[in-house]
Structure formats: C-alpha cells, structure tokens
Amino acid sequence: MSLVRTVVAGIDSSTQSCKVTIRDAGTGALVRSGEAPHPPGTEVDPAAWWSALHFAARNAGGLDDVAAISVAGQQHGMVCLDADGEVVRPALLWNDTRSAAAAAELVAELGDGDAERGAAAWAQATGSVPVASFTVTKLRWLAGHEPGSMARASAVCLPHDWLTWKLAGGPGLDALHTDRSDASGTGYWSPATGQYRLDLLKLAAGRELGVPFVLGPDGQAGELAAGGARLGAGAGDNAAAALGLGAGSGDVVVSIGTSGTVFTVSDQPAADPTGAIAGFADATGRFLPLVCTLNAARVLAAVAGMLGVGLDRLAKLALAAAPGAGGLTLVPYLEGERTPNRPGATGTLHGLTGENATRENLARAAVEGMLCGLADGLDAIRAAGAPVRRVMLIGGGARSAAVREIAPAIFGVPVGVPEPGEYVADGAARQAAWLLAGGREPPSWQLGEITRHEADPDPAVRERYAAVRDR
C-alpha cells in the first residue's frame, strides 16, 4: 500500500517576484517550486501580484494537492480597498519615500510639536518610530495628497493580507486577516499589547478605516476558494525568513536583498526611541527587533553596472583589492536611506585619488560600504541587549564570494552562510505545516548545512566609514 504524502505551500510575494515552494508537511523536503517576476517601481497595482502568484503556482505544478498554504510578503505596503473590496489606487510599497514629510509630521504631532518626545511616544505605543516605509505614514500622505482616494477607502491592508484574502475568494472586507509580524510594521498596532492603536490610524488618515483581524501564528485565515486548502496567517518577509531558518534566541540574521535587514528573535518587545530598531513581532509569538537599510544588494548591482561587469566578476575584483580599498569609502545611500533616517540622501564616494582610482578598489568599496551600513545595524541590535550567538547571512547578496569573505572582518564576528534557499517562502510553508499539525511550536524541519566564514576584525574600515557617513 502506498503512503499519501501531505504537502504544503509557502508563498513569498516580495518586491521583485513571487516564489512558491511546495514541501512535505512532515519532513520539510522540497517537492517542487516556481516563480514569476513583479513589475519594478515603488507603486504597483496589486493585480500584478495576483497574476504573478498564479504564474508562480502554475510553474510549481499547481496547488491542487496542497493541504495548507501561507503567504509571506513585503512589509508596510499600503493597499486601500473600497466598500466593494476593489483596490482604490496602486499600492505604495515600503521603498516609496514620498511620505517622508508625513512621517516627520506624525512624529512631531504625537510629541505636541517636539520630535524627540514624539519619537519616544511612538516607540512606546507601537514599538517603532515611523519612517517613510511605514503604512501609517503612507495613509497620512494619501489623506493630504489624494483626498478623493482616501474618501473612497473603507479598509487598509498589507500585501500579504490582500493575497490571502484573494486566495479565499475575496469574501468581504470583514474576512481580511493578517498576522502579528506584518501588523507590527503598520505603525498602528502594538506588539507589546497585541492590540491595534486605531487612534493612531485615525491621526494619520483623518478618519476611521477597517483593518484586518490579527491571527496568532498558527491561526487560520480561511480556505482556498478553489480546492479547500487551509490558509495560514501568513507573515512579513523577515519574520518568515526567521521561521524558515529556525532562528532562535542568540541568532542574528543579516538578509541582503533589495533592502538589507538585521534582526534577531527575542522574548521581549523592543521600543527604541531613536528609531534605529523597529520593534516588530515574529511569526512564532515572540518578537523580532529589526534594523532595515534601503540599500543592500542594489549597491553591488549599481557598481557592477558602472564597471560593466556581472556580480561574480565584481566579487573577484573586490577580493583582488586590499582591505580598505586604498582609502576609498562608499556611503551607499543610492535610494535615500531608512536607517539612519535620510530619505533624501544620495550615495557619496570619499577619498578618491589618482592612485586608488582602480576598478578593484571601487568594487571593494561597494562591498565594504554596504556591509558597514549593515554592521551599524548589528551594533544597534547588540547595544539593545540582544545576545549575539551567531550571525547568519542570507539573501541574494550572500551569494557573493566577496560578501562572504569580507563580512566577518566588517562585523567583527564569524558568520554562517546557510545553503542558498528561499527562506521566506520556506518559512511560510513551515507555518502552513504548523497550521495542519497544531501544537504549540512549528514542526521541526532539518536546516541545510551552514558554512562558517571567519576573518580578523578590521576596525579601520568601520572607523573610516563612520568618519564620512554623517557628513
């Protein structure tokens, strides 16, 4: 008699693409996968995500045999729906910085005109100080710049909320669901209390709006309209990655994708009034203190384009240069920056001379500059009291040989690089398996081999970067 294998699906709807992994619910073994691209830009019609999900699922062999599905997605994106469930306007994504002035307004307003007092009040209320990435600031921008769109809106949700709702057939706005991790990135939900701060939402939007119901980590958001598979709570992308990696206390994850993130799993909520650390929730019922930079792998891609080489060649050029790039320092704020909060900043190249103006030094400066920005995030996590037992590098940027070799010197600690994988989609799949199995903890899936990289710390590079970073 043959055994029937129960499979689950994890969906990663990121800025750049939609990826679907289908795994054995018991062992986590990969069964099949597929992906499809998303359109570029910081403002996207959610219909493009829905279309990409269908293409990715079809490329993965379909979802007909899947018992449960969870969707992980890019955080913060603002999806406004009217009373009939129609999208009011294209979604503003996390990397859209047009709401930077709105963020400053909101911070000041909560402090009665005092920005420092306001930042402390926001951190206490929601665990984070709003910047342009956060949904709450995008609502303020919409109210001020497109009052007609705001007047039409009946509810606001996030990308993964909307996709989960669409998978359930879009049954009505009262059937919108989200999870703790994604709700914690809105700016109007408190990880510490587990409650919405609807007063802050109204402060931003100027009126009341419907919001999704927040599910627990193993909660069910409905059933797939075509097939009946159970729909999990879903998660924000970084929380899903932590779940996919099996990260626990003492693990710091550095994810080098379109954005860069540094985060750890904690038993206590964070509330950093400086705004460097966002006090998010994770996908297991714990918390996920996180530092985010807007500029990560895009820095490598930009410099590779300047040099007319591919990323592999860029890595070889970088490794051919001496540490410190001959005194060349790149501050990589190519798209503004979120941490530190400098949405209008641009990238700058310091220390350029006739002697150090080589392709190798420019490639090395790109890698070192990107890693120095992330190392500042690691310092913030450590200063907040989080234990640092090991650092794991993931994301597309971690596939660079130069990043893997140089990171331990910049971070000052050894780093582990897991086998290349789709950890966000895998975390969503693990959550779907948890929904099926029940229990207090997600199922144990065996993580692939982690390669350890070590180097002597090189504080001189960090010191030179710090000297020019704030000019």
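In case you missed it, the structure is sitting above this.
The paragraphs below set out a description of the structure included in this document.

## Focus on the packing of helix α2 (residues 100–110) against helix α3 (residues 115–126)
Next, step 1: At a minimum axis separation of 6 Å, α2 and α3 run at an interaxial angle of 90°. Classed by the angle they form, the pair α2 and α3 counts as roughly perpendicular. Across the interface between the two elements, L106, V107, A108 and L110 of α2 pack against A115, G118, A119, A121 and W122 of α3.
Next, step 2: Here the residues of the contact of α2 with α3 sort into 8 nonpolar, 1 polar and no charged.

## Overview of unusual backbone geometry
Next, step 1: Each neighbour pair has its own omega, and for T339 with P340 the value is 0°, a cis peptide bond.
Next, step 2: Mapped onto the fold, P340 is located in the loop between β20 (329–331) and β21 (348–350).
Next, step 3: You will see that H76, though not glycine, has its phi angle at about 75°, which is positive.
Next, step 4: Secondary-structure assignment places H76 in the loop between β5 (66–73) and β6 (79–81).
Next, step 5: With a relative accessible area of 3%, H76 lands in the buried category.
Next, step 6: Non-glycine residue A325 carries a positive phi angle of around 50°.
Next, step 7: The class for A325 is buried, based on a relative accessible area of 0%.

## Let's talk about the packing of aromatic side chains
Next, step 1: Counted according to the given criterion, the structure contains 3 aromatic pairs.
Next, step 2: Ring centres of W49 and W162 lie 6.4 Å apart, and the angle between their planes is 70°; this geometry places the pair in the edge-to-face category. With W49 in helix α1 (residues 46–59) and W162 in helix α6 (residues 159–167), this pair connects stretches of sequence that are 113 residues apart. In this pair, the class of W49 matches that of W162, namely buried.
Next, step 3: Above the ring of W141, the side-chain terminus of R98 is found at 5.0 Å from the ring centroid.
Next, step 4: Over the face of the ring belonging to F287 we find R180, whose NZ or CZ atom lies 5.4 Å from the ring centre.

## A closer look at the sheet that holds strand β22 (residues 390–394)
Next, step 1: Strand order in the open sheet formed by 7 strands is β18-β19-β17-β16-β22-β23-β24, and the pairing between neighbours is mixed. Across the chains shown, the open sheet's two edge strands, defined by having one partner strand only, are β18 (278–281) and β24 (450–453). Averaged over all pairs of adjacent strands, the angle between their axes in this sheet comes to 30°, without regard to strand direction.
Next, step 2: As judged from the 4 bridges shared by β18 and strand β19 (residues 287–293), these two strands associate in the antiparallel manner. The residue bridging G279 from the neighbouring strand is P289, located in β19.
Next, step 3: In this fold helix α13 (residues 401–411) packs onto β16 (251–256), β22, β23 (415–418) and β24, with an angle of close to 150° to the strand it touches most, β23.

## As for the packing of α2 against helix α4 (residues 135–145)
Next, step 1: With their axes 8 Å apart at the nearest point, α2 and α4 run at an angle of 105° to one another. The orientation of α2 relative to α4 falls into the category roughly perpendicular. Contacts between α2 and α4 involve A102, A103, E105, L106 and E109 from the former and V136, T137, R140 and W141 from the latter.
Next, step 2: Taken together, the residues that form the contact of α2 with α4 break down as 5 nonpolar, 1 polar and 3 charged.

## Points about the environment of C372
Next, step 1: Topologically, C372 is positioned in helix α12 (residues 359–383).
Next, step 2: Its relative accessible area of 1% is what places C372 among the buried residues.
Next, step 3: C-alpha separation for the pair C372 and G28, spaced 344 residues apart in sequence, amounts to 35 Å.
Next, step 4: Sequence-distant contacts of C372, defined by excluding residues within four places in its chain, comprise I410, V461, R462 and Y465.

## Looking at the side chain of N238
Next, step 1: Tracing the sequence through the fold places N238 in helix α9 (residues 237–245).
Next, step 2: At 2.9 Å, the side chain of N238 and the side chain of T261 are in polar contact.
Next, step 3: Contacts of N238, omitting those with residues within four sequence positions, involve Q75, T261, F263, L288 and L290.

Reading guide: rules and limits
- Residues numbered from 1 in each chain as written.
- Predicted model: local features only at pLDDT ≥ 70, side-chain atom pairs only at ≥ 80, totals over all residues.
- Heavy atoms only, no water.
- Axes fitted to C-alpha atoms, helices over the stretch in contact; angles between N-to-C directions.
- Helix = DSSP H or I, 4+ residues; strand = E, 2+ residues; numbered from the N terminus.
- Parallel < 35°, antiparallel > 145°, perpendicular 65-115°, else oblique.
- Contact = heavy atoms within 4.5 Å.
- Nonpolar A, V, L, I, M, F, W, Y, C, P; charged D, E, K, R; others polar.
- Buried < 20%, exposed > 50% of the residue type's maximum accessible area, 1.4 Å probe, protein only.
- Phe/Tyr/Trp six-rings, centres within 6.5 Å; stacked < 30°, edge-to-face > 60°.
- Lys NZ or Arg CZ within 6 Å of the ring centre and 35° of its normal.
- Pairing = 2+ DSSP bridges.
- Polar contact = N/O pair within 3.5 Å; in protein donor to acceptor, adjacent residues only side chain to side chain.

Without other data, these values stay purely geometric and don't point to any function.
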